[in-house]
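Structural features, examined
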Amino acid sequence: MLDRVPAAPVTAGPIRLLAVYRSAASLLRELSRALNQGQTLLKADTGLPAGTRLVLVMTTDALSAPIEVQGVVTACRSRAGRLAMTLRYDFDPEPHRSRLREALQFCEAVAELE
């Protein structure tokens, strides 16, 4: 006789991290830099173990919806009292083309006003 029903294993989805940028230009610069390098560094009070999958949700007031970048933690080290996590991006631009275009158009409009 069972006194409890075994719980089904829970398969958690990737962790979602929100990154809010001050401008569309800063979001595009960071995305471009990280994609060209293939990785980025996040500093935090707590870290995640290597191999942890996550989604970096990148947004700014100029976008109608955020740009989501899939990634994985490749390293986590202590630096100056905080943790530094290295993230490898696995970015497919296709689902985000309209928002990327929207950000570029916003940057062009701002540049024309200057």
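Predicted model only: the values in this text are computed from it and were never measured. (Residues numbered from 1 in each chain as written. Predicted model: local features only at pLDDT ≥ 70, side-chain atom pairs only at ≥ 80, totals over all residues. Heavy atoms only, no water.)

Considering the confidence of the model for the protein
Across the protein, the average pLDDT comes to 82, with 89% of residues at 70 or higher. Every residue in residues 1-10 scores below 50 in pLDDT, and together they form zero contacts with partners more than four places removed in sequence or on other chains. (pLDDT = per-residue confidence, 0-100. Contact = heavy atoms within 4.5 Å.)

A closer look at helix H2 (residues 97-113)
Counted at 1.5 Å a residue, the expected span for H2 with its 17 residues is 24 Å, and the 25 Å between its end C-alpha atoms agrees. Those residues of H2 that sit buried are Arg 99, Leu 100 and Ala 103. Seen end-on, H2 carries its buried residues on one side only, within an arc spanning 105 degrees. Exposed side chains of H2 directed beyond 90 degrees from the buried face belong to Glu 112 and Leu 113. Where the residues of H2 are buried, they touch helix H1 (24-37) and strand S4 (67-79). (Helix = DSSP H or I, 4+ residues; strand = E, 2+ residues; numbered from the N terminus. Expected span 1.5 Å × (residues − 1). Buried < 20%, exposed > 50% of the residue type's maximum accessible area, 1.4 Å probe, protein only. Arc of directions from axis to C-beta.)

With respect to the sheet that holds strand S5 (residues 82-90)
Spatially, five strands are ordered S1-S3-S4-S5-S2 in an open sheet, and the strand pairing comes out mixed. Both edges of this open sheet fall to strand S1 (15-20) and strand S2 (39-44), since each of them pairs with a single strand only. Ignoring strand direction, the axes of neighbouring strands in this sheet form an average angle of 40 degrees. Here S2 runs beside S5; their pairing, made up of six bridges, is antiparallel. By the bridge assignment, Leu 41 is partnered in S5 with Thr 86. Here H1 sits on the sheet and contacts S2, strand S3 (53-59), S4 and S5; the angle it forms with S2, its principal contact strand, is near 120 degrees. (Pairing = 2+ DSSP bridges. Axes fitted to C-alpha atoms, helices over the stretch in contact; angles between N-to-C directions.)

Some thoughts on the nonpolar core
Core analysis: the biggest nonpolar cluster contains 17 residues, and Leu 27, Met 58, Ile 67 and Val 69 have the highest contact counts within it. Elements supplying a minimum of two residues to this core: H1, S3, S4 and H2. Take this core: its biggest share by element is five residues, from H1. Setting aside residues no more than four positions away along its own chain, Ile 67 makes contact with Leu 27, Leu 56, Val 57, Met 58, Phe 91, His 96, Arg 99 and Leu 100. (Core = buried A, V, L, I, M, F, W, Y, C linked by side-chain atoms within 4.5 Å.)

A short note on H1
Compared with an ideal rise of 1.5 Å per residue, which puts 14 residues at 20 Å, H1 spans 20 Å between its outermost C-alpha atoms and is within 8% of the ideal. Of the surrounding secondary structure, the elements contacted by the buried residues of H1 are S2, S3, S4, S5 and H2. With its phi angle positive at about 85 degrees, Gly 38 sits one or two positions after the end of H1.

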